[in-house]
Amino acid sequence: MSAWSVWAMATPEPPHGATLGGALEVVALGCIGVAVLGLLLVEFVFKSRMARSTYRWTLLLGLFVLPGVALLGTTGHMFESMKTVEACQSCHVMNPFVGDMHDPRSATLAARHYRSGAIPDKQCYACHTGYGIFGTVEAKRDGLRHWLLYVTDTWKEPITYKGTYPNANCLACHATAPIFTRVDSHKALGTQLANDEMSCFTCHGLPHPARPTRASTRVTASQ
Amino acid sequence: MHLTRRELLHYFGATAATGLLGPGCIGWTREEAIPVDSWHKSVCRFCGSGCETRVGLRAGKVVKVEGLQEGWNRGRLCIKGLLNREILYVSDRAHYPMVRKNGQLERVSWDEALDAAAAGFREAMAQGGPDAVAFYGSGQLFTQESYTANKLFKGGLGTNNVDGNPRLCMASAAFGYKSVFGADEPSGCYDDIEHATLFFVIGANMAECHPVVWERVRDRLRTEPQARVIVVDPRRTPTARDATLHLQIRPGTDVALLNAMAYELLRTGLVDPAFINDFVTFRRGTADSPPLTLEDFRAFLEDYAPEKVANLCGLSSAEIREAARLFGISQAALSFWTMGLNQQTHGVAANRMMMALHLLTGQIGRPGTGPFSLTGQTNAGGGVRDTGSLAHALPAGRVVTKAHDRQDMERLWGLPEGRISPNPGLSAVPLFEAMREGRVRAALVMATNPARSLPNADRYRVGMEKAFLVVSDSIFPTDTARYADVFLPAAMWAEKEGVLSQSERRYHLVEKLVEPPGEARSDLDILVALGERLGHGALLKARTPEAVWDEWRRVSAGTTYDFSGMTYARLKALPGLTWPCPTEQHPGTCRRYVPGEDPLAKKEGRIDFYARPDGRAVVYLSEQGPFRESLTSDYPMTLTTGRRLEHWHTATLTGRIAQLKGIDIDYLEIHPGDAAVMGVKEGELVQVTSARGTVRLKALPSMRVRPGVVFALMHSMEHLVNAATSDYLDPTSAQPEYKLAAVRVERVKEGT
């Protein structure tokens, strides 16, 4: 059995093939490995045989450049892996929402989209992030805020979506679909929908279980 | 200032952390698209679904309306619900009272307008007695308003000429329930949707007319793949698109279809013999006729074997058998219907047969079962049916023809014995006919537009012109207001306070949130002021919405309705309560007649039809009967009418909403084959002519309708569709036959 076979068996296969997060993770790990190994070799094996200038350049590479690339890789990996549903669910306050999405008997928009396979992965991120760079920045800011509220145990029940949900997140997929464009109500309310003055959810149902039907997201001692 | 490199890095770090953790992160929230100062619980102004809302106010105006997550509608609204915020601010809101002088309506003070109204009523009564005046109300008035009008006219003025537009939409259902179960209103509730495995939708385009209820049905279909839907409708409506089986029936043949289904259920044994034996009786005609047997019913149905009625219904016998089979094998069958069954001359018979299918199969009283008629207006059930604001009725199920009921109301209203007339008053269409003939000389019309909504409307406009008409409405002008001698501007929806009830018998409180425009007043204030001037101020002691509600609760106590436990405080706190609700601790009743659920059902066993003297519901032997209007070579096609999602009724409100002005409402759906024969293309003008009148509309060739059937919306503001509709009445309910008129359709040549 080759070393690659052992490595492949030890490493769980990613569910949907190669991902950007996975690639960045490999890059980061590779850089760290190369940097550590290189530094050890340079310092203890090759130092006496190297020119002084080469030694300095090698140190610069091992101590700053490769760790820099590794930092970028791990940051990118974190950015990417935080988009997964599992990352959102790692705070248990999201259990009622994720649980409902996976519930085959649920009629919420999240569950229906999940069942239909319309959004194959990163379902939370797909609907909760605005499009473009500002959408990503907002999502990261939201994520950090949620994390801070969670670790400081200062969130308020029931959890509510702050502000107005941007219809653009729905329309990004639906706006050009004939099933959307042929509906006269959509034409009539075009301006209001574009300005978020009316919400898609009002007619099409709640994305998650209604507040009165959700379990508390705060874990009590008995739990 | 001297900084080391290390200190500089510290400052950078601290600044970044402060930015992230402070206002930049924890304090940051996404902006509201429409800022709101305060939220308030309310109810949608439109159809009988009764969607619960929360209303956002800012600077004294309604700026946002959303569905209430705590409500039965779980946060959902349709486009009309969303546009509740717009209707208060549409153009043409009525601002001040007017009196007709020299043929023109002129602005006057409230005192002058009310004095003129009272003088007109006094003069009419002086000339023709109490029955020379009438009240024509609406399912859009609050319960307190309909109740007070009923009390003023029946108890004060001494006439039973109290009717309203609910006669046009749900009278057949009301008479059906009363004659089958002994009490009006559906027995189940919306929660049954989550338990049903078969939805039998007949004569209802729920996806457009009760869209939020239909979405709840679709939620059930989404989560229960075994659930089935049968839709019976002459049109391929959006509702029919969700159907497992769509029976595109010939208009007006519902009784034959339902009889054929009953025949098939009995033939195949898919009935519940124990339920029939214990809880059902068979009769013909009226509830007090001699009882018949199941064998009599079987023999009667011999003429309705699927093969015998298939041609009449325009269906195949296999389709009818399949519908019966799906109904019979269903674990829980829930039927919905509305105007399609009610608005025909066989409306009561069709209602009775729909209920009969549930009784024969025992599909009632269990979760997910029951015959459920939907209401078309916000408060036709609570305001009009429950308060008895119809020509034959008195509050809480009482009727004017029963001495005991009259005495009951005379005692409760503090009237001398004999004050309430024992003669039923004039129902909607005969009332306007009486105006035409000069028998009714003065009428108060509130919150409705009969000049546009009555069938054969041109005929009855003559009566409105002739009579002394006092019109109270939120909009001016309406078609009816043009005939007014006195016009009174009314507040609407969140500009006044009152209670609404919807299809599942749920009562909601609508609180006053904003001031009405100009000098507009609530209809309750108008009725009290008019009552004072007519000398009946002492009768109307309850003058605030809360006081009237408390009086109404007392009137209902001990009846099969019983709202005693629905205090104002509970209505303010809760998203509605369903009746019966006899005590303040009672949570409200979902399924009536079920021992253990309905506090009025005292017997043990599966069900207790306590409103019937013998405790048994009635299955009627109901004949299909002949068509009142046959197709002839002069009138070879059938006109049927209906609604679409974006507009409501005569579009008095929705037609004025800017967003909806681009929605087409002036078209005639015609089968492409018929259109081709006539040489009519899409968008060309066609003239629809019945024996009564004509209307011109744009042709819309569509596979939605059957060959030989044309469909028009009732909303058109530009064209009067009701000029052509039929004013034939159901002999029991006096509901007109909007759904079936023999017509001729012709292409209009240019320049004619």
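No experiment lies behind these values; they were computed from the predicted model shown. (Residues numbered from 1 in each chain as written. Chains lettered and ligands numbered in written order. Predicted model: local features only at pLDDT ≥ 70, side-chain atom pairs only at ≥ 80, totals over all residues. Heavy atoms only, no water.)

## With respect to the overall build of chain B
Phase 1 of the analysis: A count of helical and extended segments in chain B gives 25 helices and 26 strands.
Phase 2 of the analysis: The C-alpha radius of gyration computed for chain B amounts to 27 Å, which stays within 12% of the reference 27 Å derived for 752 residues, consistent with globular compactness.
Phase 3 of the analysis: Counting only C-alpha atoms and orienting by the principal axes, one finds that chain B spans roughly 110 × 70 × 65 Å.
Phase 4 of the analysis: A burial count over chain B gives 65% of its 752 residues as buried.
Phase 5 of the analysis: Carbon together with sulfur atoms contributes 51% to the accessible area of chain B, which is approximately 25,700 Å² in total.
Phase 6 of the analysis: Distance between charge centres in chain B, computed from 88 positive and 87 negative side chains, equals 1 Å. (Helix = DSSP H or I, 4+ residues; strand = E, 2+ residues; numbered from the N terminus. Rg over C-alpha atoms; globule rule 2.2 N^0.38 Å. Buried < 20%, exposed > 50% of the residue type's maximum accessible area, 1.4 Å probe, protein only. Areas by Shrake-Rupley, 256 points an atom, 1.4 Å probe, with all protein chains shown as cover. Lys, Arg positive; Asp, Glu negative; His and termini not counted. Charge placed at Lys NZ, Arg CZ, Asp CG, Glu CD.)

## Points about the side chain of Ser522(B)
Residue and element names in this part refer to chain B.
Phase 1 of the analysis: Inspection of the secondary structure puts Ser 522 in the loop between strand E18 (506–510) and helix H22 (523–533).
Phase 2 of the analysis: At 3.1 Å, the side chain of Ser 522 forms a polar contact with the backbone nitrogen of Asp 525.
Phase 3 of the analysis: Each residue touching Ser 522, except ones within four places of it in the same chain, is listed here: Glu 145, Ala 491 and Lys 496. (Polar contact = N/O pair within 3.5 Å; in protein donor to acceptor, adjacent residues only side chain to side chain. Contact = heavy atoms within 4.5 Å.)

## Considering the pattern of salt bridges
Residues and elements named next belong to chain B.
Phase 1 of the analysis: Overall, the coordinates contain 60 salt bridges over all chains when judged by the stated rule.
Phase 2 of the analysis: Here Asp 408 ties to Arg 398 by a salt bridge, and the two come within 3.2 Å at their closest N and O atoms. With a gap of ten residues between them, Asp 408 in helix H18 (residues 403–413) and Arg 398 in the loop between helix H17 (380–386) and H18 connect regions that are remote in the sequence.
Phase 3 of the analysis: Under the relative-accessibility criterion, Arg 398 is labelled buried at 7%.
Phase 4 of the analysis: Here Lys 496 and Asp 523 are joined by a salt bridge, their closest N and O atoms 2.7 Å apart. With a gap of 27 residues between them, Lys 496 in the loop between strand E16 (486–489) and strand E17 (498–501) and Asp 523 in helix H22 connect regions that are remote in the sequence. Residues Lys 496 and Asp 523 agree in their burial class; the two are buried. (Salt bridge = Lys/Arg side-chain N within 4 Å of Asp/Glu carboxyl O.)

## Some words on the UniProt feature "transmembrane region" (unreviewed entry) in chain A
Phase 1 of the analysis: Mapped onto the present numbering, the UniProt feature "transmembrane region" (unreviewed entry) falls on residues 20–46 and 58–79 of chain A.
Phase 2 of the analysis: Helix makes up 100% of residues 20–46 of chain A and strand 0%. Its end C-alpha atoms lie 36 Å apart. (UniProt positions renumbered as here; feature names shortened; annotations may be inferred.)

## Notes on the sheet that holds E18(B)
All names here are of chain B.
Phase 1 of the analysis: Pairing in this open sheet of three strands is antiparallel, and the strands run E17-E18-E19 from one edge to the other. Since the sheet does not close on itself, it has two edges, and those belong to E17 and strand E19 (577–578), each with one partner.
Phase 2 of the analysis: With four bridges joining them, E17 and E18 adopt antiparallel strand pairing. Paired with Leu 500 across the bridge in E18 is His 508. (Pairing = 2+ DSSP bridges.)

## Details of the domain arrangement of chain B
Accessible area lost on assembly of the parts is the figure often given for the size of an interface.
All names here are of chain B.
Phase 1 of the analysis: The domain architecture assigned to chain B consists of domain 1 (98–165 + 381–543), domain 2 (175–376 + 614–620) and domain 3 (637–747).
Phase 2 of the analysis: Using C-alpha coordinates to define each centre, domain 1 is positioned 35 Å away from domain 2.
Phase 3 of the analysis: Counting residues at the interface gives ten residues for domain 1 and 14 residues for domain 2.
Phase 4 of the analysis: Buried area between domain 1 and domain 2, both sides added, is near 1,000 Å², and the carbon and sulfur share of it is 39%.
Phase 5 of the analysis: Among the residues of domain 1 in contact with domain 2, Arg 385, Ser 503 and Arg 505 are the three that bury the most area, contributing 57% of the side total.
Phase 6 of the analysis: Summed over the shared surface of domain 1 and domain 2, the number is one salt bridge.
Phase 7 of the analysis: Across the pair Asp 184 and Arg 385 runs a salt bridge, and its minimum N-O distance is 2.8 Å.
Phase 8 of the analysis: At the surface where domain 1 touches domain 2, the tally comes to six residue pairs in polar contact (both at pLDDT 80 or more).
Phase 9 of the analysis: Considering only residue class, the side of domain 1 that touches domain 2 consists of no nonpolar, six polar and four charged. (Domains from an automatic or database assignment. Buried area = accessible area lost by both parts, 1.4 Å probe. Nonpolar A, V, L, I, M, F, W, Y, C, P; charged D, E, K, R; others polar.)

## Considerations on helix H5 (residues 95–102) of chain A
Residue and element names in this part refer to chain A.
Phase 1 of the analysis: For H5, the complete set of buried residues consists of Phe 97, Val 98, Asp 100 and Met 101. Buried residues along H5 cover an arc of 160° about the axis, so they all sit on one side.
Phase 2 of the analysis: Along its buried surface, H5 packs onto helix H4 (85–89), helix H6 (109–116) and helix H7 (123–128). (Arc of directions from axis to C-beta.)

## Section: the domain arrangement of chain A
Phase 1 of the analysis: When its domains are assigned, chain A resolves into domain 1 (21–82) and domain 2 (92–213).
Phase 2 of the analysis: Relative to domain 2 of chain A, the C-alpha centre of domain 1 of chain A lies at a distance of 41 Å.

## Quick word on the confidence of the model for chain B
Phase 1 of the analysis: Looking at chain B, the pLDDT average stands at 95 and 97% of residues meet or exceed 70.
Phase 2 of the analysis: Two summary scores accompany this predicted model of the complex, namely pTM at 0.91 and ipTM at 0.88. (pLDDT = per-residue confidence, 0-100.)

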